[in-house]
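Listed below are the residues making up each chain.
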Amino acid sequence: MLALYRRHRPRSFDDVVGQEHIVRTLRNAIELGKVHHAYLFVGSRGTGKTSMAKLLACALNCEGGPSADFAPEDPACLAIANGRSLDVVEMDAASNNSVDDIRELRENVTLAPMGGGRRVYILDEAHMLSQSAWNAFLKTLEEPPAHVVFVLATTEAHKVPATIVDRCHRFDFHRPSVEQIAAVLSKVAAEEEIDAPDAALAMIARAATGSFRDALGTLEQLVTYGGNQVDIGDVQAVLGVADTDLILEAADALAAGDSRAALLTVERLSGSGRDATQFMRDFAEHLRRIYVVQTLGEPPDAFALSTEHAERLSAQAQRLASAEILRAIDLLGEALSAVKDGSEPRLRLELALLKATQPPTELSLQALMYRIEGLERRLAGGVAPASEPRVEPDSAPAPAAAPSLPPVPVEASAPVAEETELSLERLQSLWPAVVDAVRSENAMVGALFGEARAAALEAGRLIVDFPADREFLKKKAEASSDLLARAVRGLTGASPKLEYRLNGETVGPPTLSEEELLRRLESEFGAVDSDAAALPAREANQMGDDQ
Ligand SMILES: Nc1ncnc2c1ncn2[C@@H]1O[C@H](COP(=O)(O)OP(=O)(O)OP(=O)(O)O)[C@@H](O)[C@H]1O
Ligand SMILES: [Mg+2]
C-alpha cells in the first residue's frame, strides 16, 4: 500500500495548505497562458515542492486544459498523481546527476506529449546535479521545445548555479506552521478514520519541525503502533518526546527556585527512558510558550492545548519572571550546544536546571533583569524594597509596565519586608550560590563559609552555623562577615543581621589539610596570629583521636 503521505498528496490547488503566494501565481499563469518553461521550487523537505509540481502538471495536461481548476479524477491527473503519466517525468538528481543523464533528458524532451498537453519534467534534489551536467543542461533549460516545462525542486538553492537560477521562475516554499501541519493531519486522520485528539495531532505537528511528510509519516507509524485509536501517550512513546507532566514539573521547580525538585524531575525522566536532549528541547519550547502567554495574557489557540495543560501554563506564566524564563532558555541552549560537542546530556540538563533554579550570581544583564523583576514584583506587592542594590539601567529595555524604580541605598535593610519575602528554605537553597559569591571575592573566606550553613532566620537575624569543633572557622568568619553580608544582599536583596554560632553536631575531618589551611591562612591573612596558628594543630590532633 502507498505511504500515507503519498495517498494524501494535495489533489488540487484548493487542497494545498498554505503556500498561497505560489498557488495564486501559478493559477494566474495557467489561466493567463503564461506558464513559464522553467520553475525552480525552493524549500525544506516535505513542504510540498513535488506535490505542487504535480499539480502544475495536472493543470497543463487535464482534459480541456490548461486549467487551474482541473478535476482530480481526470484520467490524466490520476495518472500523474500515481506516477504513471507518460507526459510527466520525475527524475531524482540525487541518483541521476551525470552528463549522460542530462544527454538522455535532452533527447527525451524532443518527444511530443502523448496526451496533447505539456511534457513536465520534475527534477527533484536538483542541487545534486554535477557542474558538467548543469553545463550540458543549460541550453535545453533556456530554450526547451514549446511543449516542455521544467520544474527543478531543491532544498539547497545556494548549490544551484546562478546561470540556472536566472533562467527559472523561482518560488520559495514557506515552512508550514504547526497549525497548518495539524490541519493536514486532522484532515487525513478523518479520511483514514483515525481517532486522535487535537492535542496529540498538535504534538505530532510540533515534532515534525515544518515537514508535512514527517508529520504524516509519524501518524502512519502511530497507527501501526497502536491501531486507529491514537492518544497522547502513544505519541510521546513513538516520538520519545518528554512527558508533558515532567515538563510542567520542571517549570514548577524553576518557578519555586527548587533545585531539589528539578533534579528529581531529571531522575524521573531518565527512569522513564526518555531522551534528555529531547527533554531540553521540549522544555525550552515550553518556556518559550510561557513567555508567549505572558505577552498575550493567555495561551493562543494555535498551541492547541488541553484545558488542563492550558491552565497549568497560565499559572506558571503568573509565577515565573520573564527574565528567569529567558535565562533558563539560555542555559538550556548552552547545555544543548555542549551536548552537540559531546557532553553527557543528563549531566548538562541537571547543570542547566541547577543554575536556572538558583538566582544568578554573575552580574550579567540577565542577572540584573532577573533582580529588577524581583524588585518590581515586590513593588507590585506594595512592599517597599529593602535593599535591592542600585541597578544602573543599560541599553536593554526594562520589562514592560514596571513603575520607575526609586534608587535604593545599598546599606538599607528593612527586616519586616525581607522576612516576609526571604524564607529560610529559600536561603538554604541559595546557600551554595552565596558561598560562590563570597568565594569569587575571597577564596579562603568562601571555603570557610563552605563549612557553614544557614541555620535560622529570626526577626531579621540570619543565624549561620559552624560545626561545634570549628571554633576557629567561626572566628575567622566573623572577621569577614561583610563579605557574607554583601553576598546575601546581592542574591536576595535582603540584609539580615548575621550571627554565627557553633551547633551541637561535629562534622569530622576538615576538607582542608592542616598544611593547606596554614598555607591558605598565611596567604590570605598574612601573619597568622598565635592562637590561630595553634588551633589547627590542635584540631588536627583532635581529629586524629576521633579516627
Ligand atoms: N501544502 C501542503 N498541503 C497539504 N499537504 C501537503 C502540502 N505539502 C506537502 N504536503 C504533504 O506532504 C507530503 C510531502 O510533500 P512533498 O513530497 O511535495 O514535499 P517536497 O517538498 O517535495 O519534499 P522533498 O524536498 O523531501 O522532496 C505530500 O505527499 C503531502 O501529503
Ligand atoms: Mg520532493
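Note that the coordinates shown come from a computational prediction; the quantities given were computed from them, not determined experimentally. What you see as residue numbers is a count from 1 along each chain, following the sequence as written. Naming scheme: in the order in which they are written, chains are lettered from A and ligands are numbered from 1. Side-chain atom pairs in this predicted model are given and counted only at pLDDT of 80 or more, local residue features only at pLDDT of at least 70, and totals for whole chains, interfaces and linings cover all residues. As a rule here, side-chain values come from all non-hydrogen atoms in the structure, and water together with hydrogens is ignored.

Enquirer: Hey, could you run me through the nonpolar core in this one?
Expert: Most often, soluble globular proteins have nonpolar side chains that are buried together. Only buried residues count toward a nonpolar core. Its members are Ala, Val, Leu, Ile, Met, Phe, Trp, Tyr and Cys residues joined through side-chain atoms within 4.5 Å. Classification of residues uses two cut-offs on accessible area relative to the type maximum, computed with a 1.4 Å probe and protein chains only: under 20% is buried, over 50% is exposed, and between them is partly exposed. In this structure, Phe279, Met280, Phe283, Leu287, Ile290, Leu332 and Leu349 are the most contacted members of the largest nonpolar core, which totals 34 residues. Numbering of helices and strands runs from the N terminus; a helix is a DSSP stretch of H or I covering at least four residues, while a strand is a stretch of E covering at least two. Secondary-structure elements contributing two or more residues to this core are α12 (244–256), α13 (259–271), α14 (276–296), α15 (307–319), α16 (322–340) and α17 (345–357). By residue number, the principal contributor to this core is α14, which donates nine residues. Grouped together as the second largest cluster of nonpolar side chains are 31 residues, Val23, Phe41, Ala53 and Ala59 included.

Enquirer: Sorry if this is basic, but what is going on with the sheet that holds strand β1 (residues 38–42) here?
Expert: Within a sheet, each strand pairs with its neighbour through backbone hydrogen bonds, oriented either parallel or antiparallel. One bridge is not enough; two strands pair if DSSP finds at least two bridges between them. If you walk across this open sheet you meet the five strands as β2-β3-β4-β1-β5, and the pairing is parallel. Edge positions in the sheet fall to β2 (88–92) and β5 (169–172), since each of these pairs with one other strand and no more. Put simply, the sheet's adjacent strands are angled 15 degrees from each other on average, direction ignored. Pairing analysis gives five bridges linking β1 to strand β4 (residues 148–154), with the strands arranged parallel. Within β4, the position partnered with Ala38 by the bridge is Phe150. In this analysis, two residues are considered to be in contact whenever any of their non-hydrogen atoms come within 4.5 Å of each other. Axis geometry follows a simple rule: fit a line to the C-alpha atoms, using only the stretch in contact for helices, then measure angles between N-to-C directions, giving values from 0 to 180 degrees. Docked against the sheet, helix α6 (residues 131–142) engages β1, β3 (119–124) and β4, running at close to 140 degrees with respect to β4.

Enquirer: How should I be thinking about the site of ligand 1 in this particular structure?
Expert: The criterion for a residue being near a molecule or strand is simple. One of its heavy atoms has to lie within 4 Å of it. Taken together, 20 residues are adjacent to ligand 1, and Tyr5, Gly46, Lys49, Thr50 and Ser51 come closest. With respect to ligand 1, the backbone of Gly48 contributes an N or O atom lying 3.0 Å from an oxygen atom. Burial of ligand 1 by the surrounding chains reaches 96%, relative to a free accessible area of 630 Å². Counting residues per element, the ones that place at least two in the shell around ligand 1 are α3 (49–61) and α10 (212–226). Classes in brief: Ala, Val, Leu, Ile, Met, Phe, Trp, Tyr, Cys and Pro nonpolar; Asp, Glu, Lys and Arg charged; the others, Gly included, polar. Class assignment for the residues of the shell around ligand 1 results in seven nonpolar, seven polar and six charged. Under this definition, polar contacts are N or O atom pairs within 3.5 Å; protein pairs additionally need one hydrogen-donor-capable and one acceptor-capable atom, and for neighbouring residues in sequence, both atoms have to be side-chain atoms. The Shrake-Rupley method, run with a 1.4 Å probe, gives the accessible areas here. Residue values count only the displayed protein chains as cover.

Enquirer: Looking at this model, I keep getting lost on the pattern of salt bridges. Mind explaining?
Expert: Here the idea is simple: oppositely charged side chains can pair when their charged atoms come close. For this analysis, a salt bridge means a side-chain nitrogen from Lys or Arg found within 4 Å of a carboxyl oxygen belonging to Asp or Glu. All chains considered together, the criterion is met by 26 salt bridges. A salt bridge links Glu90 to Lys54; the shortest N-O distance between them is 2.7 Å. On the criterion of sequence distance, the pair formed by Glu90 in strand β2 and Lys54 in helix α3 is long-range, its members being 36 residues apart. Residue classification places Glu90 among the partly exposed positions, given a relative accessible area of 40%. We classify Lys54 as buried; its relative accessible area is 7%. In this structure, Arg346 and Glu350 form a salt bridge, with 2.9 Å as the shortest nitrogen-oxygen distance. Here the residue Arg346 and the residue Glu350 both occupy positions in helix α17, the gap between them amounting to four residues, near one helical turn. Residue Arg346 is classed as partly exposed on the basis of its relative accessible area, which comes to 26%.

Enquirer: Hey, could you run me through unusual backbone geometry in this one?
Expert: Note: most peptide bonds trans; most residues except glycine with negative phi. Note the cis peptide between Gly65 and Pro66, where omega equals 5 degrees. When you line up the elements, Pro66 lands in the loop between α3 and α4 (75–81). Residues other than glycine seldom take positive phi values, yet Gln19 does so here, at roughly 55 degrees. Tracing the backbone through its elements, the reader meets Gln19 in the loop between α1 (4–7) and α2 (20–31). The class of Gln19 is buried, set by a relative accessible area of 5%. In this structure, Glu193 takes a positive phi of about 50 degrees despite not being glycine. Looking at the secondary structure, you find Glu193 in the loop between α8 (178–191) and α9 (198–207). Given the relative accessible area of 65%, Glu193 is considered exposed.

Enquirer: For this particular structure, what's the right way to read the sheet that holds strand β7 (residues 461–467)?
Expert: Here three strands make up an open sheet; going across it, the order is β6-β7-β8 and the pairing mixed. Strands with a single pairing partner mark the edges of an open sheet, and in this sheet they are β6 (453–458) and β8 (497–503). Put simply, the sheet's adjacent strands are angled 30 degrees from each other on average, direction ignored. Where β6 and β7 come together, five bridges link them in antiparallel fashion. Within β7, the residue paired with Leu457 across the bridge is Leu462. Packing against the sheet, helix α22 (residues 471–479) makes contact with β7 and β8, and its axis sits at approximately 170 degrees to β8.

Enquirer: Could you clarify how one ought to interpret the side chain of Arg27 in this entry?
Expert: Within the fold, Arg27 resides in helix α2. Judged by its relative accessible area of 18%, Arg27 falls in the buried class. In contact with Arg27, other than residues within four places in its own chain, are Phe13, Asp14, Ala68 and Asp69.

Enquirer: Can you help me understand the environment of Ala310 in this one?
Expert: Position of Ala310 among the secondary structure elements: in helix α15. When the C-alpha atoms of Ala310 and Pro299 are compared, they prove to be 6.4 Å apart, with 11 residues separating the residues in sequence. Here Ala310 is in contact with Pro299 and Leu305, once residues within four sequence places are set aside.

Enquirer: Hey, could you run me through α2 in this one?
Expert: In an α-helix, one turn spans 3.6 residues, which is why side chains three or four residues apart end up on the same side. Taking 1.5 Å of rise per residue, the 12 residues of α2 would be expected to cover 16 Å, and the 16 Å separating its terminal C-alpha atoms lies within 8% of that figure. Elements in contact with the buried residues of α2: β1, α3 and β5. Gly33 occupies a position one or two residues after α2 and carries a positive phi of about 65 degrees. One less than the number of residues in a helix, times 1.5 Å, gives the span that helix is expected to have.

Enquirer: Looking at this structure, I do not really get α6. What am I missing?
Expert: For α6, built from 12 residues, the straight-helix expectation of 16 Å at 1.5 Å per residue is met to within 8% by its first-to-last C-alpha distance of 16 Å. By the burial criterion, the buried members of α6 are Ala133, Trp134, Ala136, Phe137, Thr140 and Leu141. One side of α6 carries all its buried residues, which in axial view fall inside an arc of 165 degrees. The directions considered for the arc are those from the helix axis to the C-beta atoms.

Enquirer: I keep staring at the packing of α10 against helix α11 (residues 232–239) and nothing clicks. Help me out?
Expert: At a closest axis distance of 10 Å, the pairing of α10 and α11 adopts a crossing angle of 110 degrees. Compared by their axis directions, α10 and α11 come out roughly perpendicular. Residues Thr218, Gln221, Leu222 and Tyr225 of α10 pack against Asp234, Val235, Ala237, Val238 and Leu239 of α11. Split by residue class, the contact of α10 with α11 holds six nonpolar, two polar and one charged. Throughout, the term roughly parallel applies to angles under 35 degrees, roughly antiparallel to angles over 145, roughly perpendicular to angles from 65 to 115, and oblique to all others.

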